[in-house]
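Residue-level listing of the chains:
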Amino acid sequence: MSLLQDARFALRGFSKTPGFTIAIIVSVALGIAANATVFSVANGLLWGVLPVKDPGRLVIFSEGRSFSHPDYLDYRDQTSQVFEGVAAHFPFIPANIGGAGQPERVWGQVVSGNYFRLVGVNPVVGRAILPEDDRVVGSGAVVVLSHALWQRRFGADPNVSGRTVALNGQRFTVVGVAPAGFWGTDRGIQSDFWAPLSMTEQLMPDLNRDGARGKRDMQWLSLNARLKPGVSRAQAVAVVNVVKKRLDDAWRKDEKQHHPSVTLDPAGGLIGGAATPAMGLMAVLMVVVGLVLLVACANVANLLLARATGRQREIAIRLAIGATRRQVIRQLLVESVLLALAGAAAGFLLAAIAAAAISRFQLPLPFPIVFDFNVDLRVLGFTAGLSILTGILFGLAPALRATRPDLVGALKNDTPVFGRLRRFSLRNALVVVQVALSLVLLVGAGLFLRSLGNASSIEIGLKPDNILLMAVDPKLHQYSNEKTRQFLQQIRERVSALPGVRSVSFVDTLPLSIGGVTNGYSIEGGKGRAEQHVDADAYSVGSGFWETMGIPLLRGRDFSIKAGDESAAIINETMARRAFGNEDPLGRQIRSNEPGQQRLYTVIGVAGNAKSRTLGETPQNCVYLFIDGNPERVFSFFGISIAVKTAANPAGLAKPVRDRIAALDPDMAILSTGTMREHVDKSLLLPRISAILLGAFGAVGLTLAAIGLYGVMSFSVRRRTREIGIRIVLGAEPGGVLAMVLRQGLALTGVGLAIGLAIALAVGRLAESLLYGIRGLDPITFLAVPAVLLAAALVAIVIPARRAARVGPTTALRME
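Bear in mind that the values here come from a model prediction, so they are computed numbers and not experimental data. (Residues numbered from 1 in each chain as written. Predicted model: local features only at pLDDT ≥ 70, side-chain atom pairs only at ≥ 80, totals over all residues. Heavy atoms only, no water.)

With that settled, consider the packing of helix 2 (residues 18-47) against helix 10 (residues 325-359). Between helix 2 and helix 10, the least distance of the axes is 6 Å, while the angle of their chain directions is 40°. Our classification of the angle between helix 2 and helix 10 gives oblique. The two elements helix 2 and helix 10 cross, and the hand of that crossing is right-handed. Where helix 2 approaches helix 10, its residues Thr21, Ile24, Ile25, Val28, Ala29, Ile32, Ala33, Ala36, Thr37, Ser40 and Val41 are matched on the opposing element by Leu339, Ala340, Ala342, Gly343, Ala344, Ala346, Gly347, Leu350, Ala351, Ala354, Ala355 and Ile358. In the contact of helix 2 with helix 10, the residues fall into 18 nonpolar, 5 polar and no charged. (Axes fitted to C-alpha atoms, helices over the stretch in contact; angles between N-to-C directions. Helix = DSSP H or I, 4+ residues; strand = E, 2+ residues; numbered from the N terminus. Parallel < 35°, antiparallel > 145°, perpendicular 65-115°, else oblique. Left-handed = near helix turned anticlockwise from the far one by under 90°. Contact = heavy atoms within 4.5 Å. Nonpolar A, V, L, I, M, F, W, Y, C, P; charged D, E, K, R; others polar.)

Here it is as structure tokens:
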């Protein structure tokens, strides 16, 4: 019999046992969906291939490290024996784009003149940036647009080359459009334009303060290189580090410690060394979904065992009339693989829906992060391979067992009676495994759901309700310090006059933002104490910030232009306690230790503690400076957030506030619009994703465990129908039969719960550092989860138990 004939025979058999067929397909679908979803995320984060020519030869210098511009030139000129070239880029250039349409904030990159040629990307319109473009400063500067920006701002005009566009007030000539899907060589970073390195100062003055761009101690560039054909990465690393040693000896003799050796990593990885924690996260998730798949596979194996055992007479007849054992095993394996493929198809569709939903999550970052988690050929191949492997591995044991029947007993349809049933079969062992693993998954889900609830109710030290947020960046519009002060004052006056507005203030970096600035400060000594040094999160805020954000000002006073507070500072109570102890901090001085910007500030107030960067942090030192007196301190990544406290829903004031800003400067781009409540909710993203994923996986595990228990108990009842009927003929009460079946099912559940609790206790301890406000051995979770699982098991057991209690003498006689 051919495989095709085996498949046709299997399809006819499925129609005769629809219950088993559906249960197996559902089990496989749920297990495959969980694994394919996590694989899609890992593929998008770590393994996706760059849309460039021959990506295997494209490398990045020491992923997570930056290099100075002079070092880039030396590496470029002294490594030609192993590289076709070395290119440099800086991936975070914020820009306000003007011209046709509303002004908007976009993000782009500055790149060396050989970047596009080296990477291997050809524009779909016009040309790429050339080396001669990288020598132009000011008039005549060129730019390459992303495909998305070309469509959004220029209507996909095929004649866009030669048109001009304003970026941060500087005119650029469009020379080309990048192909769709190309955002750069840093995974997740969405770039809308590429400009030459020579235009860095015009686009982002902060990067070239005091000529820092040309200094060797200004590490800011990422370097890519393309290996020459036949050159291995190890050979290239050796050459690069020879150059590095030469540079260290020439320029870094006085440094106590030279930079570590340069490595060459595949291009297209996560930026900033984020690949290592991402791989750790993916490893944890793969372990979790591996448990889900184990539960699913145990369920499938159990159902296949039950199905094969129910077919013992059929298998015995086939063996008796001449079929070989090998042929029968092949037939059973074809059936299991077909069932696995059907489940995989359903699981693939579920994974596609889940991956698309995960792609829509946004991190609380000032720049756009975009990952493509959609399923592709890699995910399809992974799903198909996993399903076939599942079908073979967990279909083999039932097939081997089913093809060793007692031919005489099977042909007589003889079923075990009374003591001949083994008390702990392979099917029972698989049910125990399912219950144990499901308990572990449910405990994990319970811990993270409880953690999410605690994170949502953590006291953050401010009141986020009814606060409208809108960010602008005057510096990128070439505003002077004085013009910025006037602009902020005019915004305050005009927005404060709107009905329903209670207060208006400004802040450079919102609390609970990823990123921000941390500076070192020196605290003057007092009462016999020497000068001490502390690190503190630094904020620039406007007057009225405390009232607007709901942070109490415990001592001292607020900032004021009239009081000349350009050199004033307000610190939080944690810093006051750590830096000054029991002494009065008001009137004391602190000195910032920023390179080249050491300034003295006088403490004029002490504010209450508020969460600074993350919800789970312990109270951090915080220093607040006066934004009106120090607008030059604002870092361009974040701009200046306008915070508007309203009497009611702030969403209704978004357009009036936007109109007031446009009336002051029609070219001023609004970087972002939202509410403080939405911003705080974004800080819950990671605990929310963890709770959703583990909750979903826990629900899948619970469902599979219930299906497994129901399947094994239904099979047991069917196998013991003759025995149960005889018991009833001999005088057994239906209640006694019900209790007998319940005891068997609950015994399996109890063993599984005991094993699962032991594993869950260890998992809880390991996960404790990731939880908010609860211990890894949270008693509520460890009491509630077994109760839920026991209730689900009881429902799954009661249905076949009631069927067993209704077995009558006639049924027993028919079994003879």
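Now that the structure has been shown, the text picks up again.
Attention now goes to the pairing of strand 9 (residues 222-227). Counting buried positions along strand 9 yields 6 of 6 residues, so the element is predominantly enclosed. Of the two faces of strand 9, the one carrying Ser222, Asn224 and Arg226 and the one carrying Leu223, Ala225 and Leu227 are both buried. Of the pairings in the sheet, the one linking strand 1 (residues 58-61) to strand 9 comprises 3 bridges and is antiparallel in character. Looking at strand 9, one finds that Val59 is bridged to Ala225. In this structure, strand 2 (residues 83-97) lies alongside strand 9, joined through 6 bridges in antiparallel fashion. For Phe83, the partnering residue across the bridge sits in strand 9 and is Leu227. (Buried < 20%, exposed > 50% of the residue type's maximum accessible area, 1.4 Å probe, protein only. Pairing = 2+ DSSP bridges.)

Turning to the side chain of His89, a few remarks are in order. Of note, His89 is situated in strand 2. Looking at His89, the relative accessible area reads 0%, which means it is buried. A distance of 2.7 Å separates the side chain of His89 from the side chain of Asp186, its partner in a polar contact. Every residue in contact with His89, bar those within four places of it in the chain, is listed here: Gln109, Val110, Val111, Tyr115, Thr185, Asp186, Leu221, Ser222 and Asn224. (Polar contact = N/O pair within 3.5 Å; in protein donor to acceptor, adjacent residues only side chain to side chain.)

What follows is about the environment of Leu790. Its location among the elements puts Leu790 in helix 22 (residues 779-805). Separated by 351 residues in sequence, Leu790 and Leu439 have C-alpha atoms that sit 9.9 Å apart. Filtering out sequence-adjacent residues up to four positions away, Leu790 remains in contact with Leu746, Thr749 and Leu753.

So, on to the nonpolar core. Of all hydrophobic cores here, the largest spans 114 residues; its most connected members are Phe61, Tyr75, Phe83, Phe172, Phe193, Leu203 and Leu223. Aside from chain neighbours lying at most four places away, what touches Phe172 is Ala141, Val142, Val143, Arg163, Thr164, Val165, Leu167, Ala195, Met199 and Leu203. (Core = buried A, V, L, I, M, F, W, Y, C linked by side-chain atoms within 4.5 Å.)

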